[in-house]
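Results of the structural survey
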Amino acid sequence: MKIIPFLISTALTAGLVFLLNNSWKIGGNNTPLFGAFLSPQHGFWQNAEAVNSDFSDELSFPKLKGKTSVYLDERLVPHIFAEQENDAYFVQGYLHAKFRLWQMELQTHAAAGRAAEIIGDKALNHDREFRRLGMVYAAEIAVTEMSKDPVIKSECDAYTEGVNAYIKSLTESTLPLEYKLIGYTPELWSNHKTALLLKYMSYDLAAHEKDFEMTNALSFFSAADFEKLFPYKQDSLDPIIPKGTSFLKQTVFPVAPATADSAYFKQPVQAAESQKPDMANGSNNWAVSGSKTKSGAPILCNDPHLGLNLPSLWYELQISTPAFNAYGVSFPGAPGVVIGYNDSCAFGFTNGGRDVRDYYEIIFKDDSRKEYLFNGTYHATNFRVDTFKIKGQPDFIDSVAYVKLGNDVCPVMFDKSFGGKRTDNSKNYAVRWTAHDPSNELRIFNQLNHAKNYADYQAAAQNLRTPGQNCVFACKNGDIALRTQGNWPAKWKGQGDFVMPGTDTSYLWKGFIPQDEVPYQYNPERGFVSSANQKPVDETYPYYIGRVYPLYRGYEINKRLSAMNNITADSMMQLQTDNYNCFAAMAMPFILKSINAASLNAGEQQYFSILKNWNMRHDVGSVGATVFVNFWKEFETAVFADEYAKAPENVERPLESTLLEAVLKDSAWKFIDNITTPQTETLADNVTAAFKKAAISCKAAQLNGKLVWEKYKATHIDHLAKLPAFSRDNLPIGGGTHIINATRDTHGPSWRMVIELTQKTNAHGVYPGGQSGNPGSKFYDNFIDTWATGKFYELWMMVKGEEKDSRIKWVMSFTN
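We now turn to the structure provided with this report. Everything numeric here is computed off the predicted structure, so don't read it as measured data.

**Considering the pattern of salt bridges**
Per the counting criterion, the structure on display carries 45 salt bridges. For D398, the salt bridge identified is with R132, shortest N-O distance 2.9 Å. One end of the pair, D398, is in strand 17 (residues 393-405); the other, R132, is in helix 5 (residues 124-133), and 266 residues separate them in sequence. For the pair shown, D398 and R132 are each scored as buried. Residues joined by salt bridges that share partners form a network here, namely R128, R132, R369, D398 and D415.

Next up, the structure:
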């Protein structure tokens, strides 16, 4: 009878072997191969990093031309000292891959429309949309352009070789954890992938494109109502270039066609993008001259506001070569320092926020799409046939039409076969985007890393085409400057706000704003330059630059800097993390004046008392901030819900600033009345009703222990694969919308930097993450608590002779 236990044991063993060597679908997701994943020799156990890990190493690569030493400090920040400049980029690529490989590959797969290869068919819609947008097409053009520049070509080649040197060294056991979890292996890097990463940033910073949403709004509202809801002029605007600046020059004169009126836009657009970048993708930056600082030296500050993820968007490092010495943060996936400083100057960026992506309706001769109508005749269409690899599924084939509008080749992003998140689209829309134009964005970072003065900065900045940015600069010789830099289309008023006809040249871009007509400031009399994504100029600027811009961070920063003197690095760090809400301060007088306090019950009175006594700050522990945010949400609903009840899908809504400025000017503003009731509602009616609803929401938050601001806002930083075990939740940090400290739930200051350009630079910075992308490392998220509490690290620009400094914990040597 011993055969029975033997057979049972054999069956269990076979079952276990089968289980461990196959992938299983659980909760809609495929598991890794459990056998490989759990293997002590090769599985996830190998990713657990010892507390006292030794990162020192001696490495040799034939591609190197000389010796490079990397000194890793106590925060795992590498200080790269290279005898040859391109060797520094090789080593930077190696380090990026060593600490952030999975992040690099995930981001470039997403940019290339290849996410389905990793996570299956649920990513197919994203992939189709990105390829139809022309992301790969744009990257191919960029690679061609970069290859024409021998400096950038050699820089990229060296960086790519460094990434691949690390990838080739990997074994099954040393693969990053996410590869083991998801069940795939990395492919070799290329210059094309670097270009894809940069194009992805162009996409991510293009949130101000609202063609479909604005067209739907214009098709729904009357022309008069549309102008009230989406005004071109903002009363509270304090622009980047101060009001009163004289713009004397205009050499491009865009003229609207006679047919450019609302008659064309009578039908809502059925297509809709499946996803859009966060409208809050922006930043703060400013530079103050020595005339306003205690030390007499300029101070430059920058904090880019982007999505908060683990691993972080940024990787901190120093690069020192015979030609330059720069410190700051870099993009894993691209060479050089992006935001930072060198021995002479400092530099940073905020998003320019202008619409550089427009849609045109295309008329094909028939459903074959082989010919399209333009200027009265039919022209042959070009097609790009894309094959999509899908994990666990057969390949998917998509053909995308490319049409030539004037001199511009444009992909037809939406057609009958693809409407984005809409399945009922019946029209064809081509996209004209500056990211499709030849460009060499790496040139700006290369030249800024080498820059020694204002002339170098000015020459460097003009290489930035897209995404358009506000480039801030400060130098040890005392200069400060800011350029609203980009390849900006010269538009007539309203051009590009809506979908336009693509059947002739009438609605096409007629040129770009010349670089000497791009708004800028150089050593202004007021002693500072600043930008916070607000409109760069007032209405006297001769070119149309759109109507959707945030107001209040820029307003508050300019107000504070104007009043400040004897400024120090410490006071700038305090300003960067300030939680005062000037939007709320402007709104509170009309709220308190309008509310019918006598109609509030005892519970509502409790919240009203909190609001009345609130100090307008979104600090940790604040309850007033939670009450105000809930009130404003309900107030917007009270004002606009009736008008929008029958609006088409995917329709634009007014900015919060539009509502505030409207009621401050006119308490009987048209949209205050509820058009679905027989009576005429007043501002007091809406304010009181909104507050009563807000009190209900606040009570629910209080019962759930989430009434204090940081718990209500619940800032969290998710792992890029949304793995809860590798994420950080409920961070105790203030800030929010309209506030200098722009921290929201999953979005905010991704890098804070303050650089005082004294003889020995006084530099501070922090980002919400850690240098390592390995969740098993103590360097994975060790900066987050410092960031959340508003503190900074001192940035150490190491110099030769400090090789024995106690801050150095590990040394890596690279030779040929």
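**Examining the sheet that holds strand 21 (residues 480-485)**
In spatial order, the strands read 3-30-4-5-9-10-11-12-20-21-23; together these 11 strands make up an open sheet with mixed pairing. Of all strands in the sheet, those bounded by a partner on one side alone are strand 3 (57-60) and strand 23 (520-522). Taken over all neighbouring pairs, the strand axes of this sheet differ in orientation by 15° on average, direction set aside. Here strand 4 (residues 68-73) runs beside strand 5 (residues 78-82); their pairing, made up of five bridges, is antiparallel. Of the residues in strand 5, the one forming a bridge with T68 is A82. Sheet contacts for helix 12 (residues 442-450): strand 10 (325-330), strand 11 (339-342), strand 12 (345-351) and strand 20 (469-475); angle to strand 12, the most-contacted strand, approximately 150°.

**Regarding the pairing of strand 11**
Across the two faces of strand 11 the burial is the same, with I339 and Y341 and G340 and N342 all buried. With four bridges connecting them, strand 10 and strand 11 associate as antiparallel partners. Its bridge partner being in strand 11, V329 is matched across the sheet by I339. Strand direction decides the pairing type here: strand 11 and strand 12, joined by two bridges, are antiparallel. The partner of Y341 across the bridge, within strand 12, is A346. Between the antiparallel neighbours strand 11 and strand 12 lie two residues.

**Looking at the sheet that holds strand 16 (residues 382-390)**
Either a parallel or an antiparallel arrangement is found when strands of a sheet pair, and the pairing is made through backbone hydrogen bonds. Pairing within the open sheet is mixed, and its six strands lie in the order 16-17-18-19-13-22. In this open sheet, the two edge strands, each paired with only one partner strand, are strand 16 and strand 22 (500-501). Two elements, strand 18 (residues 408-414) and strand 19 (residues 428-433), share two bridges in a ladder whose sense is antiparallel. Paired with V412 across the strands is A430, a residue of strand 19. Helix-sheet contacts for helix 5 involve strand 13 (357-362), strand 16, strand 17, strand 18 and strand 19, and the interaxial angle to strand 18 is about 160°.

**Here we look at helix 17 (residues 602-612)**
Those residues of helix 17 that sit buried are E604, Y607, F608 and L611. Each buried residue of helix 17 lies within a common arc of 105° when the element is viewed along its axis, so the set occupies one face. Looking at the buried residues of helix 17, the elements they touch are helix 16 (582-594), helix 18 (624-644) and helix 20 (683-703). By the N-cap criterion, in which a side-chain oxygen at the helix start approaches the backbone nitrogen of a residue two or three places on, helix 17 is capped by N601, the distance to G603 being 3.1 Å.

**Some remarks on the nonpolar core**
The tendency in soluble globular proteins is for nonpolar side chains to be buried side by side. If you look at the biggest cluster of nonpolar residues, it comprises 164 residues, and the most contacted ones within it are W314, F331, L561, M572 and F814. Ranked by the residues each element gives to this core, the list is headed by helix 3 (residues 85-111), at 13 residues. If we ignore the near neighbours within four places in the chain, the residues touching M572 are W286, I299, C301, L561, M564, I567 and V754. One finds L229, F608, I672 and L707 within the second-largest nonpolar core, a separate group that totals 54 residues.

What counts, and where the lines are drawn
- Residues numbered from 1 in each chain as written.
- Predicted model: local features only at pLDDT ≥ 70, side-chain atom pairs only at ≥ 80, totals over all residues.
- Heavy atoms only, no water.
- Salt bridge = Lys/Arg side-chain N within 4 Å of Asp/Glu carboxyl O.
- Helix = DSSP H or I, 4+ residues; strand = E, 2+ residues; numbered from the N terminus.
- Buried < 20%, exposed > 50% of the residue type's maximum accessible area, 1.4 Å probe, protein only.
- Pairing = 2+ DSSP bridges.
- Axes fitted to C-alpha atoms, helices over the stretch in contact; angles between N-to-C directions.
- Contact = heavy atoms within 4.5 Å.
- Arc of directions from axis to C-beta.
- Polar contact = N/O pair within 3.5 Å; in protein donor to acceptor, adjacent residues only side chain to side chain.
- Core = buried A, V, L, I, M, F, W, Y, C linked by side-chain atoms within 4.5 Å.

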